[in-house]
Amino acid sequence: MTLTNHSTITEFFLLGLSADPKIQVLFFVLFLGIYCLTATGNLLMMLMIRSHPHLHTPMYFFLSHLSLIDLCFSSVIVPKMLENLLSQRKTISVKGCLTQVFFGLITGGTEACLLSVMAYDRYAAICHPLLYGQVMSKHLCVQLVCSSWVLSFLDALINTILAMKIDFCDTYVIPHYSCELPSIFPLSCSDISTNLIVMFCSVIPHGLATSLSILFSYVCIIFTILNMTSTSGRSKAFSTCSSHLTAVIFFYGSAFLRYFLPSSGSPLELIFSVQYSVITPMLNPLIYSLKNKEVKAALRRTFKKYLQCCQG
């Protein structure tokens, strides 16, 4: 897709997280470490799931795709942030900005869909255990993942094409460390009513639909667990959901606050944005590995094989 713009503005200035050079160096070290942990954790999770046959189940199939999305999501945002933290001119071209918006919407939207799909998987496993194998067939799992990517791609494409038609004024400062739709709209000197309507009719319903489906799944799960007579059964059911529920709270809580709050560049807005686009992709592998016995066992076997290979 060719990115063009009718305005004379060719680049934006990103204010970032701080104007203090010393703090910028500290932020660079911090976010470089976070990005390395994100890449290592998510790559290790994908490798581990692929190399252990007993993890070839719907839940871990979705988890491997979540790791891929988290790695892509972080890679859309963090490298440019790191570059600007060390650069004197903290700029991004209009084309680069719209490209970041496009891929940010794809990866963020796909993560929201996939978290919803994973909630449905837990609903099927706990509420209908005898039919789980038939309901969550391999064909359906592939369809659900592909549908998540396609839906997010269409949302991103529509919003980005409309954003390409915006005429930007002389004010080209983005009070943020990355390009997001709410951040570039205030820079427009043309009518953006269509952009706002399309965003609220695509991105917001996307988030609401996926979050409501998660809520519905967990309401059913809670009622099913409460009706269980076995204490061990309840404990096992809760443990299989706790990791996913933690990931949902981290992602949806900060993402909703980011998109519902007016874009002002306030510290609170930046914190919410960092939470869902930088911190959550790093935490997800840790959440699923620390709270899941099968993942921890697979990790131990992986490291044991690695040590044996190194010693041999």
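Shown above is the structure to which this text applies.
Sequence order as written defines the numbering, with residues in each chain counted from 1. Only residues with pLDDT of 70 or above have their local features reported here, since the model is predicted, and side-chain atom pairs are shown and tallied only from 80 upward, although totals for entire chains, interfaces and linings are computed over all residues. Working from all heavy atoms in the structure, the side-chain values ignore hydrogens and water.

A. Structural view of helix α1 (residues 21–51). Helix length check: α1 (31 residues) gives 44 Å between terminal C-alpha atoms against 45 Å at 1.5 Å per residue, within 8%. Of all the positions in α1, only Gln24, Phe28, Phe31, Ile34, Thr38, Ala39, Asn42, Met45, Met46, Met48 and Ile49 are classed as buried. In the analysis that follows, any N or O atom pair within 3.5 Å is treated as a polar contact, provided that within protein one partner can donate a hydrogen and the other can accept it, and provided that, for residues neighboring in sequence, both atoms belong to side chains. The helix and strand labels rest on DSSP assignments: H or I over at least four residues marks a helix, E over at least two residues marks a strand, and numbering proceeds from the N terminus. For α1, the N-terminal capping position is held by Asp20, with its side-chain oxygen 3.0 Å away from the main-chain nitrogen of Lys22. Helix span is expected to be 1.5 Å times the residue number reduced by one. Exposure classes here rest on a 1.4 Å probe applied to the protein chains alone. A residue is buried below 20% of its type maximum, exposed above 50%, and partly exposed in between.

B. Main features of the pattern of salt bridges. Whenever a carboxyl oxygen of Asp or Glu lies within 4 Å of a side-chain nitrogen of Lys or Arg, that contact is scored as a salt bridge. One pass over the full model with this rule turns up three salt bridges. Arg89 is paired through a salt bridge with Glu11; the nearest N and O atoms lie 2.5 Å apart. Within this pair, whereas Arg89 is found in the loop between α2 (58–86) and β2 (91–93), its partner Glu11 is found in strand β1 (residues 11–14), the two being separated by 78 residues in sequence. Classification of Glu11 by relative accessible area gives partly exposed; the value is 26%.

C. Here's a closer look at the state of the cysteines. Sulfur atoms of two cysteines make up a disulfide when they are within 2.5 Å. The full count for this structure, using the stated rule, is one disulfide. Cys220 takes part in no disulfide bond, and the closest cysteine sulfur to it belongs to Cys127, at a distance of 5.6 Å. Among the cysteines around Cys241, which has no disulfide bond, Cys127 carries the closest sulfur, lying 8.6 Å off. You can call Cys241 buried: its relative accessible area is 5%.

D. Spatial organisation of the sheet that holds β1. The pairing criterion is simple: DSSP has to find at least two bridges between the two strands. The three strands lie next to each other as β2-β1-β3, forming an open sheet whose pairing is mixed. For this open sheet the edge positions go to β2 and β3 (173–174), each flanked by a neighbour on one side alone. In this sheet, β3 lies alongside β1 in parallel orientation, the contact comprising two bridges. Looking at the pairing, Phe13 lines up with Val173 of β3. In this description, contact between two residues means that some pair of their heavy atoms is separated by no more than 4.5 Å. Where helices are involved, their axes are fitted lines through C-alpha atoms of the stretch in contact, as for all axes, and angles between N-to-C directions lie from 0 to 180°. Relative to β2, helix α3 (residues 94–127) is tilted by about 85 degrees, and along the sheet it contacts β1, β2 and β3.

E. Expanded view of α3. For α3, with 34 residues, the first-to-last C-alpha span of 49 Å sits near the 50 Å given by 1.5 Å per residue. The buried fraction of α3 amounts to 28 of the 34 residues, a majority that puts the element mostly inside the structure.

F. Expanded view of the packing of aromatic side chains. Stacked, edge-to-face and tilted are the three classes for Phe, Tyr and Trp ring pairs, Trp counted by its six-membered ring, which pair at centre distances within 6.5 Å; planes under 30 degrees apart are stacked, over 60 edge-to-face, the rest tilted. Summed over the entire model, instances satisfying the criterion amount to nine aromatic pairs. With 4.9 Å between their ring centres and 85 degrees between their planes, Phe12 and Phe168 make a pair best called edge-to-face. Note that Phe12 is positioned in strand β1 and Phe168 in the loop between α5 (138–163) and β3, a separation of 156 residues in sequence. When its relative accessible area of 0% is taken as the criterion, Phe12 is described as buried. The exposure class assigned to Phe168 is buried, which follows from its relative accessible area of 5%. Taking the centre distance of 6.0 Å and the plane angle of 45 degrees together, the rings of Phe73 and Tyr276 count as tilted.

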